Amino acid sequence: MNSESLLKTVEKLLLAKRVEGLNDIQMVVLQSSLTGDSYSQIASRSTYSVEYLRDVGAKLWQTLSRLIGESVSKKNLRSVLDRYQQSAVLAELDRKYFWGEAIDVSIFYGRVQELKTLEKWIVKDRCRLIEILAIGGMGKTALAVKLAQQMPAEFDFVVWRSLRNAPPLADFLAEVIALISHQQEIELVVEPTVHISRLLHYLQERRCLLILDNVESILLSGSPRQYLAGYEGYGELLRRVGESVHQSCMLLTSREQVAEVASFAGNNLPVRILPLGGLSIEEGMAVLDDKGLLLAGKAGEELVDLYDGNPLALKIVSTSILELFDGGVRKFLGQGTAVFNGIRLLLERQFDRLSMVERQIMFWLAINREWVTVGDLAADLLPVVSGGQLLESLEYLQGR
């Protein structure tokens, strides 16, 4: 095989495995190695030393060895890629992973325990339906992508789809069924309930991981656990995926608890909910460090704690600290304003989905500042709400 073809093989492999693409120096080392050039010859045509190029090459060969499953070195690079290109493995990669709009997670912080928990639920406990639940910015999407990347051998198919633009159920089902049927079913014109049955057929026949991101996009604002008009069929889909016996797993990410998941979830049941909290202090400090903040003393820890380890909030506020306070975390903390600009927008997107009663509860909890009983909280609310409505709203807030 020619070098250009082998380069495309490597690029396709990295894409299929969701590994960050080659940077410029890695590409130079790979191209030159495929043509038989030594590190000394590569160095003579570049500004890099032989030692640095050798280190870049060693790390690149390690990555390729891990992805291909065979030891790769500069010496055997071409022969290994030749065999790999001619094998059925590469063709299968094209047919197995359908990442859609999944994000790049080459930079990923912490979540070791959460990944272990999710993998246990999927592999050992054989869970059929899982929801990752958290407010905006906590990293639900990144966690789901990282999990899928770590489990390639577990599934026959991995399909990622975002519901951010609220695709109609019939369109969603038709697309997914076409993918996991190897395009054997591409024109589905019957009712969505029949589509669901066809999807379940394939979930029983093959081990699939279906990831639905941004599920809150098909839920009705201000009316917890209710679907947008015309999207109620998604509830039927989730109910049947959770109830039916099959060998696959559907993983959801959402800012709000989904009714069908809440109804069937339990520690010993095949439906589970993972509430996702913030990063630890150490993990949050890594976010700040990557953003370029100089963290002296306890200032960095205070900043992570202030934003409850929310990765997106930490990235947003880091940019503001760099631009407005010349990177001085203590100066920023000293001015006493935590919610502004991007942080405010992040919170408003969550807050705007609350019902009027839920908003009142949030206001009064903030005003009280300390723990209050349900009875005391009820006395604060005006207009008066019934005990049942108050308990229901508290439960819904917990699910958000």
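Scoring rules and cut-offs
- Position labels on residues start from 1 in each chain and follow its written sequence.
- Note on the predicted model: pLDDT of at least 70 is required for a residue's local features to be given, and 80 or more for side-chain atom pairs to be given and counted; whole-chain, interface and lining totals, by contrast, use all residues.
- Water and hydrogen atoms play no part in the side-chain values, which are based on all heavy atoms of the structure.
- Categorising residues by exposure relies on relative accessible area from a 1.4 Å probe, with only protein chains included: less than 20% of the type maximum marks a residue as buried, more than 50% marks it as exposed, and the intermediate range marks it as partly exposed.
- Counting from the N terminus, the helices are DSSP H or I runs at least four residues long and the strands are E runs at least two residues long.
- Only strands joined by at least two bridges in the DSSP assignment are considered to pair.
- What makes a salt bridge here is a side-chain nitrogen of Lys or Arg within 4 Å of a carboxyl oxygen of Asp or Glu, nothing more.

**Student:** Hey, could you go over the pairing of strand β5 (residues 249-254) for me, with residue numbers and the actual values?
**Tutor:** Counting buried residues along β5, six of its six residues qualify, which places the element largely inside the surrounding structure. Neither face of β5 is open: one carries C249, L251 and T253, the other M250, L252 and S254, and all of them are buried. Summarising the sheet, strand β2 (residues 129-133) and β5 pair through five bridges and their orientation is parallel. Bridging across to β5, L129 finds its partner in M250. Inspection of the sheet shows strand β4 (residues 208-213) paired to β5 by four bridges, in the parallel sense. Residue pairing for β5: I211 is matched across the bridge by L251.

**Student:** Run through the pattern of salt bridges, naming residues and quoting values.
**Tutor:** Throughout the structure, instances matching the rule amount to 15 salt bridges. The salt bridge partner of R161 is E175, with a shortest N-O separation of 3.0 Å. Here R161, found in strand β3 (residues 157-162), pairs with E175, found in helix α9 (residues 169-180); they are 14 residues apart in sequence, far enough to count as distant. Under the relative-accessibility criterion, E175 is labelled partly exposed at 38%. Two residues, E205 and R206, come together in a salt bridge whose shortest N-O distance is 3.2 Å.

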